Amino acid sequence: MTGLALLSVSDKTGIVELAKTLVEEFNFQIISSGGTAKTLQSAGIPVTKVSDYTGSPEILGGRVKTLHPRIHGGILARLELESHQQDLQTNEIRPFDLVAVNLYPFEKTIAQDNCTVEDAIEQIDIGGPAMVRASAKNYAHVTILTNPARYDDYLAELRANQGKTTLAFRQARSAEAFAMTANYDQAICRYFAQINPESADYYGIGGKKIATLRYGENPHQKASWYQSGSEAKGWTSAHQLQGKELSYNNLVDLEAARRIVCEFPSNEPAVVIIKHTNPCGVAVGETLFEAYQKAYTADSVSAFGGIVALNQPIDVPTAQAMSKIFLECIVAPDITEEAKAVLAKKSNLRVLLLPDLNSGSQDNIKAIAGGFLIQDNDTSIELPDTWQVVTEKQPTETELQELLFAWKIVKHVKSNAIVISKNRATLGVGAGQMNRVGSVKIALEQAGEQAKGAFLASDAFFPFDDSVRTASEAGITAIIQPGGSIRDEDSIKAANELGLVMVFTGVRHFLH
């Protein structure tokens, strides 16, 4: 008996070639609807419209086409059951061998700046997911194809198995289909949660696997990379010019570098060097080369094997400087052809171009036992005109700008976090210590003699005045911190006694 295929796709990629081969090589009958039927007819492929097959017209402007017993009966029938066979015969329903369906482009639609709620609603597919899920449920008898990239695999199966597919192939396609509809529904869920946040009792996490990584944080851990949304954004849209494939740790560090470098406008040359998600050197300069030199000098030992993010196109002097040491990855919005040739000599160095460095997720998700936590990303920006100067000594405008630089960095350092800076470059970073004075000592030790006349930023308040006194002994000039401790007066008193400037921002930036 002739095979029966139902083809109804939004993405028409490869559908003509698939249908042509099914008809000419395997003698299939094609049932199709709407735009897919028109596409196949225009290509000269014999096709029966769904409305002709079911005897029911498309109604409601195309909202109802395939929701019919002749369609779903042919998809869901368990052919090993005599009762199902009898139902098919009584109702003159033929079982489908193949269903090829992909869905309305909901995510592409909502990604458009001018998309209205009405536009989004009209791109919520109803019949498509119903057919996909029905076919996936009945994979024992039906092959479901939701990805045009699988069409050739399907045809290869038919050729290898006398016009049939194996159970293993159908089961694998079923798993893909359920994953696709789940991701589709989650996108809709997220969209409406954004419109009505107070009613968002469920949170949808969905993504398409784009790579199996060599391993995770350690060689014994498996890891994969997923793209959220149908449009490539963020790192999935980056262009890797050269180097080995990206690892799990590379991507985590690149994201940490991206977030910091985005603190600075593109007209202010900025460079960030990351090691294990913490910045070991951050600087701005009059030129990109100057910014890199300052960032590298901040901690040249830790910079070895680091990740570098730059907020301007890489030029030759900067490329030459970076090529002198071992680095894992470099990312910038662009690169000159001459600089590209310089870095090409380091064949293992991963060089990525990410034109939109600001394309990051707004949500921060952390897995815990039995579930996950969600919070907004810490994108808060505090400016000097919102700060409170709490000491007798007042900062100059230049000092305020230096404090702002340090404050932009400390929010991206693992807590407890301390950053020492001068001339808009980091000198010392104290990260992830169990007590704040420990972080202060590490940062000051790293800064060394350069701490004299430098500035200190703390991501959270000082619980005691010991950090203020330790900073003063090292020569620190000014301190920026959130304030809010019950012992704030002790820190303020110490700062006044020691002749320091101290500023409260009123905002804490813990990073765990």
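Residues numbered from 1 in each chain as written. Predicted model: local features only at pLDDT ≥ 70, side-chain atom pairs only at ≥ 80, totals over all residues. Heavy atoms only, no water.

Asker: Would you take a moment to explain the pattern of salt bridges for this structure?
Answerer: Under the criterion given, the structure shown has 17 salt bridges. A salt bridge links Glu24 to Lys20; the nearest nitrogen and oxygen atoms lie 2.9 Å apart. Within this pair, Glu24 and its partner Lys20 are both found in helix α1 (residues 15–26), separated by 4 residues, close to a single helical turn. Owing to a relative accessible area of 58%, Glu24 belongs among the exposed residues under this scheme. Asp153 serves as the salt-bridge partner of Arg150, at 3.3 Å between the closest nitrogen and oxygen. Given the relative accessible area of 27%, Arg150 is considered partly exposed. (Salt bridge = Lys/Arg side-chain N within 4 Å of Asp/Glu carboxyl O. Helix = DSSP H or I, 4+ residues; strand = E, 2+ residues; numbered from the N terminus. Buried < 20%, exposed > 50% of the residue type's maximum accessible area, 1.4 Å probe, protein only.)

Asker: It is not clear to me how the packing of helix α17 (residues 436–447) against helix α18 (residues 466–473) should be interpreted in this structure. Could you clarify?
Answerer: Packed helix pairs are specified by the crossing angle of their axes together with the interaxial distance, meaning the distance between the axes. Interaxial distance between α17 and α18 falls to 9 Å at its minimum, and their mutual angle equals 10°. In terms of orientation, α17 lies roughly parallel with respect to α18. Of α18, the residues touching α17 (which contributes Arg436, Val437, Val440, Lys441 and Leu444) are Asp466, Ser467, Thr470 and Ala471. Here the residues of the contact of α17 with α18 sort into 4 nonpolar, 2 polar and 3 charged. (Axes fitted to C-alpha atoms, helices over the stretch in contact; angles between N-to-C directions. Parallel < 35°, antiparallel > 145°, perpendicular 65-115°, else oblique. Contact = heavy atoms within 4.5 Å. Nonpolar A, V, L, I, M, F, W, Y, C, P; charged D, E, K, R; others polar.)

Asker: Would you explain the nonpolar core in this entry?
Answerer: One recurring pattern in soluble globular proteins: nonpolar side chains tend to sit buried together. Judged by nonpolar contacts, the single largest core of 44 residues is most densely connected at Trp235, Leu254, Val272, Val331 and Trp387. A total of 8 residues in this core trace back to one element, the largest contributor, which is helix α16 (residues 397–410). Formed by 27 residues, the second largest nonpolar core is a distinct cluster that contains Ala283, Tyr292, Met322 and Leu343. (Core = buried A, V, L, I, M, F, W, Y, C linked by side-chain atoms within 4.5 Å.)

Asker: Is there a simple way to explain the packing of aromatic side chains in this structure?
Answerer: The geometry of an aromatic ring pair is captured by two quantities: the separation of the ring centres and the angle between the planes. If you walk through the whole model with that rule in mind, you get 8 aromatic pairs. Where Phe106 meets Tyr191, the ring centres are 5.7 Å apart and the plane angle is 90°; that geometry is what we call edge-to-face. With Phe106 in helix α6 (residues 106–110) and Tyr191 in helix α10 (residues 167–195), this residue pair connects regions lying 85 residues apart in the sequence. Phe106 sits in the buried class, given a relative accessible area of 1%. Directly above the ring of Tyr53 sits Arg70, whose terminal nitrogen or CZ lies 4.2 Å from the centroid. Lying across the ring of Phe169, Arg173 places its NZ or CZ 4.7 Å from the centre. (Phe/Tyr/Trp six-rings, centres within 6.5 Å; stacked < 30°, edge-to-face > 60°. Lys NZ or Arg CZ within 6 Å of the ring centre and 35° of its normal.)

Asker: Explain empty space enclosed by the protein to me, please; I cannot follow it from the model alone.
Answerer: The gaps left among the atoms become clear once a water-sized probe is rolled over them. All chains considered together, the criterion is met by 1 cavity of 30 Å³ or more. Space inside the largest cavity adds up to approximately 50 Å³. Residues of the lining of the largest cavity, tallied by class, amount to 3 nonpolar, 2 polar and 4 charged. (1 Å grid on protein atoms, 1.4 Å probe; cavity = no way out; pocket = protein on both sides within 12 Å on 5 of 7 lines; lining within 4 Å. Points joined across faces, edges and corners; volume = space filled by probe spheres on them.)

Asker: Just checking my understanding: could you explain the packing of α1 against helix α2 (residues 34–42) for this structure?
Answerer: It is at 10 Å that the axes of α1 and α2 come closest, and there the two elements cross at 65°. For the element pair α1 / α2, the angle class is roughly perpendicular. Remark: the crossing between α1 and α2 carries right-handed chirality. Contacts from Ile15, Val16 and Ala19 in α1 reach Thr36, Thr39 and Leu40 in α2. Counted by class, the contact of α1 with α2 contains 4 nonpolar, 2 polar and no charged residues. (Left-handed = near helix turned anticlockwise from the far one by under 90°.)

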